[in-house]
Amino acid sequence: MGRRDSGGDEERTPGMAVTPSAEFPPLSEDELGALRRIGEQWRDVRAAADLPIDPALRRHPTEPAAGRFGRLAPIEMFQVGDPGELVATEPANVPGTRAGRELTRLRRALFGPPLSSAAVLYERMRKLVALPVLSSDLLSSVAYGPEAMLAVLVLAGAGALGLSLPLAAVLALLMVAVGLSYRQTVVAYPHGAGSYVVATDNLGARPGLAAAAGLMVDYVLTVAVSVAAGVHAVTSALPGMSRFTVPLGVLIITVLLAGNLRGVRAAGNLFVWPTYAFVVALLLLLVVGYVRAAERGFAPVAPPPVPAAEGLGVLLVLRAFASGAVSMTGIEAVSNAVPAFKPPEWRNARTTLSWMIAILVLFFVGLTVLIHLSGLVPTTQATLLSQLARVTFPTGPWFGLVQAATALILLLAANTAFAGFPRLLFFMARAGHAPRRFLHMGDRLAFSDGLIALAVAAGLVFVAFRGHTEALIPLYAVGVFLAFTLSQTGMVVHWRRRRDGGWRRRAAVNAVGATLSGLVLVTAALTKFTEGAWVVVIAVPLLVLLSLAIHRHYRTLDRSLALAPSPNGKRALTPAPLPGAIEPGAPAEAQELPQQVRHLVVVPVARLNRASLRALAYAASLGQPTLAVHIAPEDAESDRFREQWRAWGDHVRLETIVSPYRAVIGPLAHYLEALHVSRPDVLLTVIVPEVVLRSRWHRPLHNRVEQRLRRALRPLPGVVVTNLPVHLSE
């Protein structure tokens, strides 16, 4: 398949690219039309020339001086860009407080200086960097995948270990089929599309969410299992460290999080060498191991006798097959991360995926056959890979190097999840199925919120299972093969819809991948259900329901905030009436034109002092009808306040409310609500004076009524709360 296929999809999926602007989607044509019609009806708005200051900051003769609190930003923090545009420079991101500046210095020391949005094009990975970043999980699984398969077969006795060879051949066929399927996915969706996007696009929202839920569970377990396996490798070499398993694992997850928060390219440079060291170590192990096997004519060494704990049957063979299939976790990471590659993205991603599949098949089959030829069986004392390294390198430093490389790759295998999980949440958030905060790129152009969410979830799972790998692995295969099955089924539908040249061949490839993945899914769910797979079977539907609830909320939000439909009867996003058709008496929150808005400014006054008089002066300066409200605990205080009000001059209408039970917030909030109900077309603007405290320890000395009032009024429709800060003089 050539560029023609990818280019066609690019034309059909505008705006799909992963950019810092993804959290600010453009308006549709209908919304733009509604916006123009609303704008044509605006009146009584002052021109920009009437502004009392220069918003472009060009007419200041001197640089502004810092204020008393040192919070005034120098003018050099902004540069004049295109007409009508200012560009904030890097110093403008620094907080004004001392604690904020110190925290910023610490963050930059750990994660590096912030990157400009324009640098997103340079924060891409070349193939030699993408291979270790995206394949660390896939390649590391060969350190425990063959052993997981043999650990099930050995339950039927040493004689059943010979079945590992045909099982390895079937698993290799599965790896190639799924790999070829994802190669086609990369080309068909050049903007990046894992199982979630493909299944949603072709099968519907719920299958897509099921695929996403399976992947989310898989990514979290990838981190937990990889770190647990790596810590186990460390504690096996250093038994004295075993009591520190949990804190050591949490520390490693934190280090991985910090490395990925530095950005895609920095994380790639950080984790590239351990992966290549593992590849070189395993290649050396295979070469030397097969040379030694050739010297004895490839005659297999008889394994030690092992008593059978179970009878050899179809169910046990299927369990072994499902256990060996965990070696395929992480195979879809490339299709999710296509935008992270250097151009041409889809071609580089496809090449990297091909390398990954070739290396995976070579290592899995090569290690399985070499373990069989060496007569090794799983034990609790040492891993099969450790036994194989000891047999292959009985002397010299090579055994230690293989162990060190294995420990490193197991620890860093979680990095594949750190590359894929945030992008999965990005795609889900773009469709409204995940919180929109996951669309945001941090100051290093990494999806910081997604990275932190993954680290927290994986850390909780790791602590809950106390870092026991054997307790986590049964949870592994169900989620990922659910995603594989739905993704490949979606690709079959994709090709049937397009029906371009060669679509039958492509659909057949994806159909084979979907069928084999589905068989593994059913096998893993049935054979591992009682071992812990039931957790995933329950978690996936719960995550789907949560995603649907999030989507309903965003749909309600969009309907409430969307612009009105066009006059030809076609609705944009909401069934609201036409702009300009709103009557003068329309509810306050339905008013879109300046001439429709009718104000009533309300100023709660507890006592007459500088703060309240400033709030009254501010309200009167707006030129709108103004009402002052005073809450009195008894009639005597009410009469006394009215006398003070008349002494001031009675410039504003005053309403006093006697609260015999001494409550303040409730009576005031109910009074304002009653005002709004009586005239829903009047916008109530409540001006609340608030004393700004210089020190945190001063807060307990004040009852903070203004904050409680703001919280009470926020839910009321048609009510705007404005805080008027009053700073204490020194």
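What you see is a predicted model, and the numbers here were worked out from it, not measured in a lab.

Cut-offs applied
- Residues numbered from 1 in each chain as written.
- Predicted model: local features only at pLDDT ≥ 70, side-chain atom pairs only at ≥ 80, totals over all residues.
- Heavy atoms only, no water.
- Salt bridge = Lys/Arg side-chain N within 4 Å of Asp/Glu carboxyl O.
- Helix = DSSP H or I, 4+ residues; strand = E, 2+ residues; numbered from the N terminus.
- Buried < 20%, exposed > 50% of the residue type's maximum accessible area, 1.4 Å probe, protein only.
- pLDDT = per-residue confidence, 0-100.
- Contact = heavy atoms within 4.5 Å.
- Axes fitted to C-alpha atoms, helices over the stretch in contact; angles between N-to-C directions.
- Parallel < 35°, antiparallel > 145°, perpendicular 65-115°, else oblique.
- Left-handed = near helix turned anticlockwise from the far one by under 90°.
- Nonpolar A, V, L, I, M, F, W, Y, C, P; charged D, E, K, R; others polar.
- Pairing = 2+ DSSP bridges.

## Here's the deal with the pattern of salt bridges
Where charged atoms from two side chains of opposite charge approach closely, those side chains can pair. Under the counting rule described, the total for this entry stands at 6 salt bridges. For Asp 558, the salt bridge is made with Arg 436, and the minimal N-O distance between the two is 3.2 Å. Here Arg 436 lies in the loop between helix 16 (414-430) and helix 17 (448-464) and Asp 558 lies in helix 21 (residues 529-561), a separation of 122 residues in the sequence. Residue Arg 436 is classed as partly exposed on the basis of its relative accessible area of 31%. When salt bridges with common partners are traced through the structure, they connect Arg 498, Asp 500 and Arg 506 into a single cluster.

## Observations regarding the confidence of the model for the chain
Per-residue confidence for the chain gives a mean pLDDT of 78; residues scoring 70 or more make up 80%. The lowest-confidence element of the chain is helix 1 (residues 3-12), averaging 38 in pLDDT; the highest-confidence one is helix 17, averaging 91. In this model, residues 1-15 is a region of pLDDT below 50 whose contacts with residues beyond four sequence positions or in other chains number 28 contacts. Segment residues 67-75 is flagged for pLDDT under 50; beyond a separation of four residues in sequence, or across chains, it makes 15 contacts in the model.

## Considerations on the packing of helix 24 (residues 665-678) against helix 25 (residues 705-713)
Remark: helix 24 packs on helix 25, axes separated minimally by 10 Å, with the N-to-C direction vectors making an angle of 40 degrees. With respect to their mutual orientation, helix 24 and helix 25 come out oblique. Where helix 24 crosses over helix 25, the handedness of that crossing is right-handed. Note on element contacts: helix 25 touches helix 24 through Val 705, Arg 708, Leu 709, Ala 712 and Leu 713, opposite Ile 665, Leu 668, Ala 669 and Leu 672. Grouping the amino acids of the contact of helix 24 with helix 25 by side-chain chemistry returns 8 nonpolar, no polar and 1 charged.

## Focus: unusual backbone geometry
In this model, Pro 343 is joined to Pro 344 through a cis peptide bond whose omega is -10 degrees. As for its position among the elements, Pro 344 is in the loop between helix 12 (333-336) and helix 13 (345-374). With a phi angle near 55 degrees, Phe 298 is a residue other than glycine that sits in the positive phi range. Its location among the elements puts Phe 298 in the loop between helix 10 (264-295) and helix 11 (314-324). The phi angle at Asp 650 is positive, at roughly 55 degrees, despite the residue not being glycine.

## Notes on the sheet that holds strand 7 (residues 719-727)
If you walk across this open sheet you meet the 5 strands as 5-4-3-6-7, and the pairing is parallel. In this open sheet, the two strands that pair with only one neighbour each are strand 5 (653-658) and strand 7. Between one strand and the next, the sheet's axes are offset by a mean angle of 25 degrees, whatever the strand orientation. Pairing geometry for strand 6 (residues 682-692) and strand 7, over 9 bridges, is parallel. Residue Val 692 lies in a different strand from strand 7, and its bridge partner there is His 727. Packing of helix 22 (residues 610-621) onto the sheet brings it into contact with strand 3 (598-604), strand 4 (626-632), strand 6 and strand 7, and relative to strand 7 it is tilted by some 130 degrees. In the packing of helix 25 onto the sheet, the strands contacted are strand 3, strand 6 and strand 7, and the crossing angle to strand 6 comes to about 155 degrees.

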